[in-house]
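Letter by letter, the chains look like this.
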Amino acid sequence: LHELIIVAWQEYLQVLKGDLARAQGKISFTSDLWSDQKLRPFMALTAHWIAKEEQTSVLILKAALIVF
């Protein structure tokens, strides 16, 4: 199961890299840091960008989790 999760994450990142490379303009990043009740630290990094739909050329806001 662990290996399947790693493979799925690697495939997700490959698709995400392509999406980010086609971003219309700049890419913004947001981060969040927190800890649970046992003081274990967590961090999340999210990207936000404007993308153009291929069929209609409509601009849309996209977001994706980069790191957790």
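Residues numbered from 1 in each chain as written. Predicted model: local features only at pLDDT ≥ 70, side-chain atom pairs only at ≥ 80, totals over all residues. Heavy atoms only, no water.

### Considering the overall build of the protein chain
So, point 1. When helices and strands are tallied, the protein chain shows one helix and three strands.
So, point 2. Each helix and strand of the protein chain, placed in order from N terminus to C terminus, yields the pattern α-β-β-β.
So, point 3. By the compact-globule yardstick of 11 Å for 68 residues, the protein chain is too spread out, its C-alpha radius of gyration being 15 Å.
So, point 4. If one aligns the C-alpha atoms of the protein chain with their principal axes, the spans along those axes are about 50 × 25 × 15 Å.
So, point 5. For the protein chain, contacts bridging at least 24 residues in sequence account for 30% of all contacts bridging at least 6.
So, point 6. Here the protein chain displays about 5700 Å² of accessible surface, and carbon together with sulfur accounts for 61% of that area.
So, point 7. When the 7 positive and 7 negative side-chain charges of the protein chain are each reduced to one mean point, those points stand 6 Å apart. (Helix = DSSP H or I, 4+ residues; strand = E, 2+ residues; numbered from the N terminus. Rg over C-alpha atoms; globule rule 2.2 N^0.38 Å. Contact = heavy atoms within 4.5 Å. Areas by Shrake-Rupley, 256 points an atom, 1.4 Å probe, with all protein chains shown as cover. Lys, Arg positive; Asp, Glu negative; His and termini not counted. Charge placed at Lys NZ, Arg CZ, Asp CG, Glu CD.)

### A word on the pattern of salt bridges
So, point 1. Applying the stated criterion across every chain yields a total of three salt bridges.
So, point 2. One salt bridge in this structure joins lysine 62 and aspartate 19, with 3.8 Å as the shortest N-O distance. Separated by 43 residues along the polypeptide, lysine 62 in strand β3 (residues 59–67) and aspartate 19 in helix α1 (residues 2–21) bring together distant segments of the chain.
So, point 3. The class for lysine 62 is partly exposed, based on a relative accessible area of 28%.
So, point 4. For the salt bridge of aspartate 36 with arginine 40, the shortest nitrogen-to-oxygen distance reads 2.6 Å.
So, point 5. Classification of arginine 40 as partly exposed rests on a relative accessible area of 46%.
So, point 6. Several salt bridges converge on common partners, so that one network encompasses Asp19, Arg22 and Lys62. (Salt bridge = Lys/Arg side-chain N within 4 Å of Asp/Glu carboxyl O. Buried < 20%, exposed > 50% of the residue type's maximum accessible area, 1.4 Å probe, protein only.)

### Focus on the pairing of strand β1 (residues 28–35)
So, point 1. Sheet analysis places β1 next to strand β2 (residues 41–52), joined by eight bridges and oriented antiparallel. Looking at β2, one finds that serine 31 is bridged to leucine 45.
So, point 2. Between the end of β1 and the start of β2, which pair antiparallel, lie five residues, with leucine 39 showing a positive phi angle near 65°. (Pairing = 2+ DSSP bridges.)

### Things to note about the nonpolar core
So, point 1. By size, the foremost hydrophobic cluster in this structure holds eight residues: Leu16, Leu20, Ala23, Ala47, Trp49, Ala51, Ala64 and Ile66.
So, point 2. Listing elements by their share of this core, those giving two or more residues are α1, β2 and β3.
So, point 3. In terms of residue count, the dominant contributor to this core is β2 (three residues).
So, point 4. In contact with isoleucine 66, not counting residues within four places along its chain, are Trp9, Leu13, Leu16, Leu20, Phe29, Leu45, Thr46 and Ala47. (Core = buried A, V, L, I, M, F, W, Y, C linked by side-chain atoms within 4.5 Å.)

Just geometry here; none of it tells us what the structure is for.
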